[in-house]
Structure formats: structure tokens, C-alpha cells
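What follows is each chain in one-letter form.
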Amino acid sequence: MHELSIVADLFTIIEEQSRQVGAKRVTKVRVLIGELSGVVPELFRTAFHSYKKGTIADKARLEIKVTRVKFKCHGCGQEIKTGDISSPDFSYACPFCGSKEVELISGRDLCLEKLEIET
Amino acid sequence: MEKRKKEVLVLEDILGSNKKIASSIRKKLEEKGILAINLLSSPGSGKTTLLEKIGLRLKDRYKVGVIEGDIETERDAERIRKIGLPAWQIITHGACHLEAKMLAQIFDRIPADLDFLFIENVGNLVCPASFDLGESLRFVLLSVPEGDDKPRKYPEAFITSQVFVITKADLLPYLPFDADRVTAEALEINPKLEVFRTSAITGEGIEPLCQYLEKKLQELRTKNA
């Protein structure tokens, strides 16, 4: 349950951004959570709503977009957008050429994408 | 007056602040020629015991220090001090992982002439994987009693590591743990992993692991020269 410490870092960014753009209130927060980021969206949501009290985002809604894992194959050079990594049929090997030399290029991201604010 | 709503595009990495501190720690350590290793595993898989064995093997020829991360107590740091190595305990008081800022707080106490700095993370195969500490190498450990189905269940720890250490290999004859299967599964997730099979009881694998660490230290020093 490290989601709370990540949410604490998120609020540092939210407050800094709000100051920069002169927001009176933040009404919506949208984050991108990679499937392999180690963060559980539902725990993140719980942590967000408990942390927001008394902050500029006191009433904010949270939107979470889970971003899928993407690999690059060093065998054939193709980019691989994968299916669900928790499925038993999931394979880390390249579906095009079968190579196991694949490298993760996205899916570990944790990003504050945008804010909706009131000025 | 009517409130005006607008959307602000931010696109900022939420862990950016941790990554920034970690990068600064990595730069300082590498400039000093210190090879830092972050050890990840679940509790009881043998991180401290492995460090005792590696420490005893390396301490005559190298300066070795250990940072111990635990939720409570100085027990692990005391074990390391008993074998004659300096150890610094970070007590997280409940946090399930170490963060770069925790290391930054004790960084001034780390001697500049160390060769190896081991950082034993809080026992947890999940959360520590998300936090860069400024290490040069990350080890993920898995002990034989934990079972051979773990790499795909905890992929982030295996994807972000450079070295996979199977510990308690002396128990292989007694438990249904397929070391070849677990190695293949870990390599499927991360083909670049170096894999070592070790036992602190029989000493198996400790020597090759130390030789690997010495090679990595040489590479770092060569890069600096």
C-alpha cells in the first residue's frame, strides 16, 4: 500500500500547478496509471479521496486512465501492444516473430495528465 | 460572478520528485566510484543473510557498507555490524518501501571511500519496485520456500531488476520448486536478467555473485577513469 505516498507526491504537483495558473479550486484530476506501474487504481482512488480533504482539490473528481503495457521487439522491430497481463494466456514473447528479446517501452507510467480548475 | 472552469494540461510524472532525488544520489555515488545495490524481496527470503555472506567474502579487500530499511527495529543493522561492517538503519515507521528522500536524509553519513553500498529495502515484493533509490544495480531475490510461480505474479520487481537471485537453494531437494522453470519465467519477463542460484548454508553461488559484483565495480571505475 504505497499508493498513499504516491498520492502525497501527486498533491505536491497539483498545488504547485494551481499556484502557477492561479486556480481557486481544482474540480477534476486526471491521471494515467500504467498497468505495470505497481499501483492499484482502486487503492489509488481511496488514497486520493482521503488525502484531498482540506486541499485545493477538496471537491475534485478523480479520473483514472489505465495505460496498457507496450513492448518493442528486438527480433523484428515491431511494437507490441499487449492484452491483459494478468490473463493466463498472456505471453511476454513477440506475437509476430516469437522472439523473447522484447523490451518494455510503456506501461510503468504514473502521470498527472490534466486538471480542471476554477479561476 | 460566474466561476470560470478551464482545463490545464500538466503531463507531469507523479514520481518525478523521487526520480530527481534518486538521479542526484546516483550521480554522487557513481562519481565517488561507489557501486550501490538495491535489494528487493518479500520478508524472510534471506536478504540480510545473503548480505552477511557477501559482506564476509568482500570485506577483506573492499570497503562495504549497508543501509537497512525496515518498518521497525534496528535488528538487521545490528546483524550487519556484528560481522564488522558499518550499517545505517532507516526505520520507516509503517511505510512499506524506501524512497530516495529517506536515503538523502542519511547520505552525509555514508563514507566517500566505500566500494560497495548495499541497500536492503523493506521486505515487500510489490511496493519497493516503484521507487528508484539511485542505485546502480537492483537485485530481486526469491527463496525456494516461496514457490516458483512468483515472477509473473510480481512482474514489476523482475522487470526493473538487473539481477535475479534464487536463495535457499539447499532446500531444492525437499520442495516442489522448479529452479529451471522459475529462471525461464523470469527471463521471459526480462531477458537481460543475470541469474544466480545461492545457498547461505552450503555457500553455493556466493562466489560467482561476488565475482559479478567485483566486475560491475570495475566497470563503474573504468567508466569514471
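Please refer to the structure placed before this passage.
Right, let's walk through the structure included here. Remember, it's a predicted structure, so these values are computed and weren't measured experimentally.

Some points on the layout of surface pockets
Right, on to step 1. Taken as a whole, the largest pocket encloses approximately 660 Å³ of empty space.
Right, on to step 2. Lining the largest pocket are 34 residues; nearest its centre among them are A:Arg108, B:Ile159, B:Thr160, B:Ser161 and B:Gln162.
Right, on to step 3. Those elements giving two or more residues to the lining of the largest pocket turn out to be strand S5 (102–106) of chain A together with helix H1 (16–31), strand S6 (137–143), helix H6 (155–159) and helix H8 (206–224) of chain B.
Right, on to step 4. At 3 residues, S5(A) tops the list of elements feeding residues into the lining of the largest pocket.
Right, on to step 5. Classifying every residue of the lining of the largest pocket by side-chain character gives 12 nonpolar, 8 polar and 14 charged.
Right, on to step 6. Empty space within the second largest pocket amounts to approximately 450 Å³.
Right, on to step 7. If you list the elements that add at least two residues to the lining of the second largest pocket, you get strand S1 (25–34) and helix H2 (41–51) of chain A together with helix H5 (150–153) and H6 of chain B.
Right, on to step 8. Per element, the largest residue contribution to the lining of the second largest pocket is 3 residues, and it comes from H6(B).
Right, on to step 9. For the lining of the second largest pocket, a count of residues per class yields 17 nonpolar, 5 polar and 6 charged.

Thoughts on the sheet that holds strand S5 (residues 116–120) of chain B
Residue and element names in this part refer to chain B.
Right, on to step 1. A sheet is described by the order of its strands in space; here 7 strands give the open sequence S4-S3-S5-S2-S6-S7-S8, paired in parallel fashion. What marks the edges here is a single partner per strand, and that holds for strand S4 (87–91) and strand S8 (194–197). Sheet twist, expressed as the mean angle between neighbouring strand axes with direction ignored, is 20 degrees.
Right, on to step 2. Direction of pairing for strand S7 (residues 163–167) relative to S8: parallel, over a ladder of 4 bridges. In the strand pairing of S8, phenylalanine 164 is matched with valine 195.
Right, on to step 3. In this fold helix H7 (residues 179–189) packs onto S6, S7 and S8, with an angle of close to 160 degrees to the strand it touches most, S7.

A closer look at the packing of aromatic side chains
Residue and element names in this part refer to chain A.
Right, on to step 1. In this structure the tally under the stated criterion is 8 aromatic pairs over all chains.
Right, on to step 2. For the pair phenylalanine 71 and tyrosine 92, a centre-to-centre distance of 5.8 Å together with 75 degrees between the ring planes defines the contact as edge-to-face. Of this pair, phenylalanine 71 sits in strand S3 (residues 70–73) while tyrosine 92 is found in the loop between strand S4 (79–81) and S5, placing the two residues 21 residues apart along the sequence. Each member of the pair, phenylalanine 71 as well as tyrosine 92, carries the same accessibility label: buried.
Right, on to step 3. Clustering of aromatic rings is evident, with ring pairs tying together Phe11, Phe48 and Tyr51.

Things to note about the packing of helix H2 (residues 47–58) of chain B against H8(B)
Residues and elements named next belong to chain B.
Right, on to step 1. Two numbers describe how H2 lies on H8: the axes approach to 10 Å, and their chain directions differ by 65 degrees. Here H2 lies roughly perpendicular to H8, going by the angle between them. The element H2 and its partner H8 pack so that their crossing is right-handed. Along its contact with H2, which presents Leu50, Lys53, Ile54, Arg57 and Leu58, the element H8 presents Ile206, Glu207, Leu209, Cys210, Gln211, Leu213 and Glu214.
Right, on to step 2. Of the residues contributing to the contact of H2 with H8, the split by class is 7 nonpolar, 1 polar and 4 charged.

What counts, and at which threshold
Each chain has its residues counted from 1, following the order in which its sequence is written. Think of it this way: whatever chain is written first is A, whatever ligand is written first is 1, and the rest follow in order. For this predicted model, a pLDDT threshold of at least 70 governs which residues receive local features, and a threshold of 80 or more governs which side-chain atom pairs are given and counted, while totals over whole chains, interfaces and linings are taken from all residues. With hydrogens and water excluded, all non-hydrogen atoms of the structure serve as input to the side-chain values. Of the grid points, spaced at 1 Å and generated over the protein atoms alone, those admitting a 1.4 Å probe that cannot get out make up cavities, while open sets with protein on both sides within 12 Å along at least five of seven lines make up pockets; any residue with an atom within 4 Å of a point is treated as lining. Grid points are joined across faces, edges and corners, and a volume is the space filled by probe spheres set on the points. Helix and strand labels come from DSSP, where a helix needs a run of H or I of at least four residues and a strand needs a run of E of at least two; each type is numbered from the N terminus. Residue polarity is assigned by list, with Asp, Glu, Lys and Arg as charged and Ala, Val, Leu, Ile, Met, Phe, Trp, Tyr, Cys and Pro as nonpolar; anything else, Gly included, falls into the polar class. Any two strands with at least two DSSP bridges between them are considered paired. With axes taken as lines fitted to C-alpha atoms, and helix axes fitted only over the stretch in contact, angles between N-to-C directions fall between 0 and 180 degrees. Here, residues are in contact when the closest pair of their heavy atoms is within 4.5 Å. Only the six-membered ring of Trp is used, alongside the rings of Phe and Tyr, when aromatic pairs are assigned; centres must lie within 6.5 Å, and planes under 30 degrees apart are stacked while those over 60 apart are edge-to-face, with the rest tilted. Relative accessibility thresholds used throughout: buried, under 20% of the residue-type maximum; exposed, over 50%; partly exposed, between the two (1.4 Å probe, protein chains only). Note on angle classes: values under 35 degrees are labelled roughly parallel, values over 145 roughly antiparallel, values of 65 to 115 roughly perpendicular, and the remainder oblique. Take the far helix as the reference: if the near one is turned anticlockwise from it by less than a right angle, the crossing is left-handed, and if turned clockwise, right-handed.

Any link to function would need more than the numbers given here.
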